[in-house]
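# Observations on the model geometry
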Amino acid sequence: MAKARAQRERFDRNSAWLQAHATEVYARYRGKCVVIAGTELFAADTPEEAWALATTAHPEDDGSFIRYIPREKVARIYANQRRVAAL
């Protein structure tokens, strides 16, 4: 449990970094894959390249994660797909 808790703390720290810098990241890295590791951003054209950059710089960070930043900023609608019973 301690190992999982520590990994989650690293993930939360990286996630908080992305949220704090989201405006800049999403404006600058459109069409790129970004990995956040060690509260640092690594961007590349492919996921493999981005992971390689992050892993080289922060091999110990098992709380890192990857995101693809879409080329175009578009509205996205996420709808609840649950069925509602008729009354």
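### With respect to the side chain of Asp61
Looking at the element boundaries, Asp61 is found in the loop between helix H2 (47-57) and strand S3 (65-68). No salt bridge is formed by the buried Asp61, whose closest oppositely charged neighbour, Arg10, lies at an N-O distance of 4.4 Å. At a separation of 2.5 Å, a polar atom in the side chain of Asp61 contacts the main-chain amide nitrogen of Gly38. Separated by 2.8 Å, the side chain of Asp61 and the backbone nitrogen of Gly63 make a polar contact. If we skip the residues at most four places from it in the chain, Asp61 touches Arg10, Asn14, Ala37 and Gly38.

### Regarding helix H1 (residues 2-28)
The terminal C-alpha atoms of H1 lie 37 Å apart, and with 27 residues this matches the ideal 39 Å at 1.5 Å per residue to within 8%. Where H1 bends most, the angle comes to about 75°, and this point is His21. Of the surrounding secondary structure, the elements contacted by the buried residues of H1 are strand S1 (33-37), strand S2 (40-44) and S3.

### Focus: unusual backbone geometry
Within the chain, Thr39 stands out as a residue other than glycine whose phi angle is a positive 50°. Mapping Thr39 onto the fold places it in the loop between S1 and S2. For Thr39, a relative accessible area of 32% translates into the label partly exposed.

What counts, and where the lines are drawn
- Along each chain, the written sequence defines residue order, and numbers are assigned to residues from 1.
- Only residues with pLDDT of 70 or above have their local features reported here, since the model is predicted, and side-chain atom pairs are shown and tallied only from 80 upward, although totals for entire chains, interfaces and linings are computed over all residues.
- Each side-chain value is worked out from all heavy atoms of the structure, with water and hydrogens disregarded.
- What counts as a helix is a DSSP run of H or I of at least four residues, what counts as a strand is a run of E of at least two, and both are numbered from the N terminus.
- Burial classification: accessible surface area is computed with a 1.4 Å probe over protein chains only, and a residue below 20% of its type maximum counts as buried, one above 50% as exposed, and the rest as partly exposed.
- Under this rule, positive means Lys or Arg and negative means Asp or Glu; His and the chain ends count for nothing.
- Put simply, a salt bridge is a Lys or Arg side-chain nitrogen that is within 4 Å of an Asp or Glu carboxyl oxygen.
- Two N or O atoms count as a polar contact when they lie within 3.5 Å, although within protein this holds only if one can serve as hydrogen donor and the other as acceptor, and sequence-adjacent residues are included solely when both atoms are side-chain atoms.
- By definition in these notes, contact holds between two residues if any of their heavy atoms fall within 4.5 Å.
- A helix's residues, less one, multiplied by 1.5 Å, set its expected span.
- Throughout, bend refers to the angle between the axes fitted to the seven residues that end at a position and the seven residues that start at it.

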